[in-house]
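# Chains, contacts and geometry: an overview
The primary structure of each chain is shown beneath.
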Amino acid sequence: MLSPRYLVSFDARKAIHRFTDVLVIGGGIAGLRAALEVPPHLDVLVTTKDKITESNSTYAQGGIASVLGKDDKFENHVDDTLVAGDGLCHPDVVELVVREAPDEIEKLVDWGTQFDLENGTLALTREGGHSHRRIVHALGDGTGHEVMRAIIAKAKAAENITLWDETFTLDLLTHEGACVGAVCWRPGIAKELIWAKQVVLASGGCGMVYRETTNPPVATGDGMAAAYRAGAELRDMEFMQFHPTVLYVAGSARFLISEAARGEGAYLRDVNGERFMLTDDPRHELAPRDVVARAIFRTMERTQHPNVYLDLSHLPRETVLTRFPGINKVCRGFGLDITTDRIPVRPGAHYTIGGVTTDADGRTTLPNLWAAGEVTSSGLHGANRLASNSLIEGLVFGAKCGRGAGAAAEGMKTTLAALPLRHAVDDLIAEPLDVADVTNSLRALMVRKLGIVRDRSRMDEATRDVDFWCRYVLAREFRDRAGWELQNLLTVARLMLDGAIERDESRGTHFRSDYPEKNERKWGKLRHTTAKR
Ligand code: SIN
């Protein structure tokens, strides 16, 4: 793939410079957890490209998985994660996240998070793939809002943490093979060079590469693309998790209908009213997400209907309204009463499982660069993430990155000297470009050619289209966010296609109709696809 090292030209002699001990890119749960773990005598700068509340973390509905119930055990949560991950989870990483989860929940409570309670203790629900009730939640279906409210307040109160919103991280700065900071764009200032002793990447996933997605518009894979350009390794980019139940009503945003609805007993029905999961999987509606998403896909094909239905009408009205106030409000806006009406749903891109490779401490392959949360491939999720294991991953790995980056920054000098001072983007194309048109075309192409069911010929066609767009989009220098986002979306799309073509088997969320089985001989023993510039 034609991929320039930097998205923009810059001249260090003319740019504004800023220095910090630790730079954290991203203000979701992983980024803020990292910032809060850096020792208070070190400066931390957290940048987010939008408002600090605009992250996938804020929109999380279902909750956070952790072994807290009397009848549950760490071994159960480990097993459920491994089963959902379909042979690609790193068992040591699963073990450490599961064991550290309860302490992280306790910390959130100490920081003021008001989780929902039942008889004075944390209320626990279930979701697909979980053998026990172990998911804590808040505001019914507003877990992300409540957790982020508490953690943002905690970060704002910390004297060593500075939060910059509306700051677009264009690229990571590197010198002699190590990360030394980032070049950012800030309104009113334009390009600014931030020099950091250590950098933590926590910029989230790339759900926006698909037209049908539960993700907010910020999820354009900027951190993944920047890490790739800087020379870090990315892994398993073919694994995109499709959430089975996304509201499908003309005119609505693709709003998530939480898996907790099925955890509380909701049924999936086809257009004829049949509960198709009864025959599809012994776990019925609570099978892991990849299984349910594929069953819905097949059902839509069989019935020639563009969606299936989620039915909560048999559940007690009060339970439904108390547990799902957010879903109720949105559905009401489209004339649907969730206590009586069937909700039209279909799968949509939800969570980027692949990402920047990290070790069990959150170190990437690029020295001085750490990473946590959805931007990473940590080894926790394998080929299919277990529901509600994402916020807990962000917390556990965020803390590890903050600790590791803080320790590494102690006594270190900022690298500034001897950097090439000027960087130009070559071969600039100056013709006008309709950025929105290319972006929409890419997002539609990914749904058609790299969706729930894939095959070689459609992926080859998609690669040809993406390469064609890359030729004239990556060779430009844009001056606004939409252009940089398109460049990053194209970069991650190409990496996803490469991984999906290389993985000639079906595993977890990656289902190939031309290779419908798992190939343990070739892809067993935790073999990953990798990408490095
Ligand atoms: C949901 O509420 O269904 C989303 C939870 C998750 O993605 O883990």
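Cut-offs and rules
- Residues numbered from 1 in each chain as written.
- Predicted model: local features only at pLDDT ≥ 70, side-chain atom pairs only at ≥ 80, totals over all residues.
- Heavy atoms only, no water.
- Helix = DSSP H or I, 4+ residues; strand = E, 2+ residues; numbered from the N terminus.
- Buried < 20%, exposed > 50% of the residue type's maximum accessible area, 1.4 Å probe, protein only.
- Contact = heavy atoms within 4.5 Å.
- Areas by Shrake-Rupley, 256 points an atom, 1.4 Å probe, with all protein chains shown as cover.
- Lys, Arg positive; Asp, Glu negative; His and termini not counted.
- Charge placed at Lys NZ, Arg CZ, Asp CG, Glu CD.
- Near = heavy atom within 4 Å.
- Polar contact = N/O pair within 3.5 Å; in protein donor to acceptor, adjacent residues only side chain to side chain.
- Nonpolar A, V, L, I, M, F, W, Y, C, P; charged D, E, K, R; others polar.
- Pairing = 2+ DSSP bridges.
- Axes fitted to C-alpha atoms, helices over the stretch in contact; angles between N-to-C directions.
- Core = buried A, V, L, I, M, F, W, Y, C linked by side-chain atoms within 4.5 Å.
- Parallel < 35°, antiparallel > 145°, perpendicular 65-115°, else oblique.
- Left-handed = near helix turned anticlockwise from the far one by under 90°.
- Salt bridge = Lys/Arg side-chain N within 4 Å of Asp/Glu carboxyl O.
- pLDDT = per-residue confidence, 0-100.

### What to know about the overall build of the protein
If you tally the helices and strands in the protein, you get 16 helices and 24 strands. Across the 533 residues of the protein, 64% fall into the buried class. Long-range contacts, defined as pairs at least 24 residues apart, comprise 74% of the intrachain contacts of the protein with a sequence gap of at least 6. Per element, the accessible surface of the protein, about 20,000 Å² overall, is 51% carbon and sulfur. Side-chain charges of the protein comprise 66 positive and 73 negative groups, with the mean position of each set lying 2 Å from the other.

### Examining unusual backbone geometry
Only a minority of non-glycine residues have a phi that is not negative, and only a minority of peptide bonds are not trans. The residue A190 is not glycine, and still its phi comes out positive at about 70 degrees. You can see A190 is positioned in strand β12 (residues 190-201). A190 sits in the partly exposed class, given a relative accessible area of 34%. With a phi angle near 50 degrees, H284 is a residue other than glycine that sits in the positive phi range.

### Points about the site of the ligand
If you check the shell around the ligand, you find Q61, G62, E127, H243, L256, S258, E259, R289, H350, R385, A387 and S388 and nothing else. Contacts to the ligand include G62, whose backbone N or O atom sits 2.8 Å from an oxygen atom. H350 places a side-chain nitrogen or oxygen 2.7 Å from an oxygen atom of the ligand. When the ligand sits alone it has 260 Å² of accessible area, and the protein chains cover 95% of it. For the shell around the ligand, a count of residues per class yields two nonpolar, six polar and four charged.

### Considerations on the side chain of T143
Inspection of the secondary structure puts T143 in helix α5 (residues 143-157). Exposure remark for T143: the relative accessible area of 0% places this residue in the buried category. One polar contact links the side chain of T143 to the main-chain carbonyl oxygen of Q61, over a distance of 2.7 Å. When residues no more than four places from it in sequence are discounted, the contact partners of T143 are A60, Q61, G62, G63, I64, F115, V136, H137 and A138.

### Section: the sheet that holds strand β15 (residues 267-269)
The strand order across the open sheet built from four strands is β14-β17-β16-β15, with neighbouring strands paired in antiparallel fashion. Looking at strand neighbours, the two that pair on one side only are β14 (240-247) and β15, the edges of this open sheet. Pairs of neighbouring strands in the sheet enclose a mean axial angle of 45 degrees, with direction left out of account. Bridge count between β14 and strand β17 (residues 343-352): six bridges; the pairing is antiparallel. When the sheet's bridge partners are listed, L247 is paired in β17 with V345.

### So, the nonpolar core
In a soluble, globular protein the nonpolar side chains are often hidden away together inside. By size, the foremost hydrophobic cluster in this structure holds 76 residues, and its most contacted members are L172, V209, Y210, L442 and M496. With 11 residues, helix α15 (residues 481-502) is the largest single contributor of residues to this core. When neighbours within four sequence positions are excluded, L442 is seen to be in contact with V209, V466, W469, L489, L490 and A493. Ranked by size, the runner-up nonpolar core spans 50 residues in total, among them V22, V78, I105 and I152.

### Comments concerning the sheet that holds strand β8 (residues 135-136)
Neighbouring strands of a sheet are bound in pairs by backbone hydrogen bonds; such pairs are parallel or else antiparallel. Judged by pairing direction, the sheet is antiparallel, and its three strands sit side by side in the order β4-β8-β7 without closing on themselves. The open sheet has two edge strands with one neighbour each: β4 (64-65) and β7 (124-125). As paired strands, β4 and β8 are joined by two bridges and run antiparallel to one another. Counted as the bridge partner of A65 is I135 from β8.

### Focus: the packing of helix α14 (residues 456-473) against α15
At their nearest, the axes of α14 and α15 sit 10 Å apart, and the two run at 150 degrees to each other. Between α14 and α15, the angle falls in the class roughly antiparallel. In this structure, α14 crosses over α15, and the sense of that crossing is left-handed. Within the contact between the two elements, α14 uses R456, M459, D460, A462, T463, V466, D467, W469, C470 and V473 and α15 uses L486, Q487, L490, R494, L497, A500 and I501. Of the residues contributing to the contact of α14 with α15, the split by class is 11 nonpolar, two polar and four charged.

### Remarks on the pattern of salt bridges
In the structure shown here, the tally under the stated rule is 48 salt bridges. With a shortest N-O distance of 2.8 Å, R134 and D80 are connected by a salt bridge. Here the residue R134 occupies a position in the loop between β7 and β8, and D80 occupies one in helix α3 (residues 74-85), the gap between them amounting to 54 residues. We note that R134, like D80, is buried. When salt bridges that share partners are traced, they join D236, E238, R503, E505, R507 and E520 into one network.

### A few points about the confidence of the model for the protein
Averaged over all residues, the pLDDT of the protein equals 95, while 97% of them reach at least 70. Within the protein, strand β19 (residues 369-371) carries the highest mean pLDDT (99), whereas strand β21 (residues 422-423) carries the lowest (64).

### Regarding the environment of L122
Along the chain, L122 turns up in strand β6 (residues 121-122). Classification of L122 by relative accessible area gives partly exposed; the value is 27%. With 209 residues separating them in the primary sequence, L122 and C331 have C-alpha atoms 27 Å apart. For L122, the contacting residues outside a window of four places in its chain are L68, I105, F115, D116, L117 and V136.

### Concerning the packing of helix α4 (residues 91-110) against helix α12 (residues 390-409)
At a minimum axis distance of 8 Å, the contact between α4 and α12 shows a crossing angle of 90 degrees. Looking at the two axes, α4 sits roughly perpendicular to α12. Residues V93, L96, V97, E100, A101, E104, I105 and L108 of α4 form the contact with α12, whose own contacting residues are I392, L395, V396, F397, A399 and K400. Split into classes, the residues belonging to the contact of α4 with α12 amount to 11 nonpolar, no polar and three charged.

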